[in-house]
Amino acid sequence: ARTARRGMSAAGVTVRFRTDSKKLIFRATFIDAADAPATPAVAWERSRPSFFALYRDGKYVASIPALTVFTQQDVIIYDDSALSGEAEVRVLFPFYYRNAEIIMHGIGIEPGAQLLRAAPDNRPRVLFHGDSITHGHGVTSPRETYVSQVAEKVDCVPLNYGFGGTAWADNIVARTIAARQDWDVLTIMLGANSLAGADSAGKTETAAQYADKYDDYLTTIRAAALAKPILCITPILNRLDLTQGGNHNGEIPKAYREGISRVVRQRQSSDKNLYLLDGLSMVDDPLYLLVTDTVHPNDLGMHRIAEGVAAALKPLLANLA
């Protein structure tokens, strides 16, 4: 249920079209979604505005804040009398998983201007599945998430399947991914929310049990995507790495990372399109984490993840050609 609720966020949603308008307005309403009792609102997250990110002809232009209100508003995406000619406009939607459910009422352009369908985007499509780190918690603009940064670095179409507060390797999510035919490469960065030693229902789960579930997760996806490249990423540094005694099972994050790695390496003997990336090779120091929770990466941490994932994806995408 929590995964479905997080799926109502506009994270990963992009609108594309061509226009010669010198002014562009989005008429929209943000939905004031109440937090679950177990996850009370974080004040700083509630107070910051939701940003749209604007690109013209593939080049980043600006990030535009909307008002922090939950009534209909007009967001001026751009207003530039110096613009001339037609261009492809691409706008990334806000990504937060609290209060980022959005109703789009309309797109406003100048009288007499044209609004045309964008050309098909035939670049490779990468589906990024993960938790709030993939979703984008902690950064300001949707282009600053590691998913968007990777997409720019490797020139792919990103499909953001990050669900904040979830991503426990539940098989129903694996079945959902398996049912999709619209991706060429899959990245999976799971485990951060499982390090506490419980599953999605709050039931105790050991590292060995988690590894078995992770194995089943891959089996489900592989049954539908027999040869597509899959990149498995172990958890980055977590606050549980910095404490003594481990989780309530007495297990430390290393046990979960080793479980994921063992599963992937065993499967690699017969699966030549399965790859492994060590999360600690990207973020291994609290310097790269938000000081508010030492779980989510800060801007530098997001950049380091993007660098590492992009480097791992480049050869996989090159082999698709």
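Right, let's walk through the structure included here. (Residues numbered from 1 in each chain as written. Predicted model: local features only at pLDDT ≥ 70, side-chain atom pairs only at ≥ 80, totals over all residues. Heavy atoms only, no water.)

A few words now on the overall build of the protein chain. A tally of helices and strands in the protein chain yields eight helices and 13 strands. Relative to the compact-globule value of 20 Å for 321 residues, the protein chain shows a C-alpha radius of gyration of 20 Å, a close match. The C-alpha extent of the protein chain, read off along each of the three principal axes, is 65 × 45 × 35 Å. Residues counted as buried form 50% of the 321 residues belonging to the protein chain. (Helix = DSSP H or I, 4+ residues; strand = E, 2+ residues; numbered from the N terminus. Rg over C-alpha atoms; globule rule 2.2 N^0.38 Å. Buried < 20%, exposed > 50% of the residue type's maximum accessible area, 1.4 Å probe, protein only.)

This paragraph deals with the nonpolar core. Counting residues in hydrophobic clusters, the biggest one holds 35 residues, and the most contacted among them are Phe128, Tyr146, Val150, Val283, Ile305, Val309 and Leu313. Of all the secondary-structure elements, those providing two or more residues to this core are strand 9 (125-130), helix 4 (146-154), strand 11 (185-189), strand 12 (230-233) and helix 8 (299-318). In this view, Leu313 contacts Val126, Phe128, Val150, Val154, Val185, Thr187 and Leu231; residues no more than four positions away in its chain are not counted. Core analysis: the second largest hydrophobic core is formed by 29 residues, Ala174, Leu218, Ala225 and Cys232 among them. (Core = buried A, V, L, I, M, F, W, Y, C linked by side-chain atoms within 4.5 Å. Contact = heavy atoms within 4.5 Å.)

Here we take up the packing of aromatic side chains. Tallied over the entire structure, the rule returns nine aromatic pairs. The interplanar angle of 75° and the centroid separation of 5.5 Å between the aromatic rings of Phe52 and Phe93 together place this pair among those described as edge-to-face. Residue Phe52 is located in strand 3 (residues 51-56), and its partner Phe93 is located in the loop between strand 6 (87-92) and strand 7 (102-108); the two are separated by 41 residues in the primary sequence. Joined through ring pairs, the aromatic side chains of Phe26, Phe30, Phe52 and Phe93 make up one cluster. The ring of Tyr78 is capped by Arg56, whose NZ or CZ atom sits 5.3 Å from the centre of that ring. In this arrangement the basic side chain of Lys228 is found over the ring face of Trp183, its NZ or CZ atom lying 4.5 Å from the centre. (Phe/Tyr/Trp six-rings, centres within 6.5 Å; stacked < 30°, edge-to-face > 60°. Lys NZ or Arg CZ within 6 Å of the ring centre and 35° of its normal.)

Let us look at the side chain of Asn298. Position of Asn298 relative to the elements: it lies in the loop between strand 13 (274-277) and helix 8. For Asn298, a relative accessible area of 16% gives the class buried. One polar contact links the side chain of Asn298 to the main-chain amide nitrogen of Leu300, over a distance of 3.2 Å. (Polar contact = N/O pair within 3.5 Å; in protein donor to acceptor, adjacent residues only side chain to side chain.)

Take Pro286: it is sitting in the loop between strand 13 and helix 8. A residue is classified by how much of its surface remains accessible, and Pro286, at 37% relative accessible area, is partly exposed. Beyond its immediate sequence surroundings of up to four residues, Pro286 is in contact with Leu237 and Leu242.

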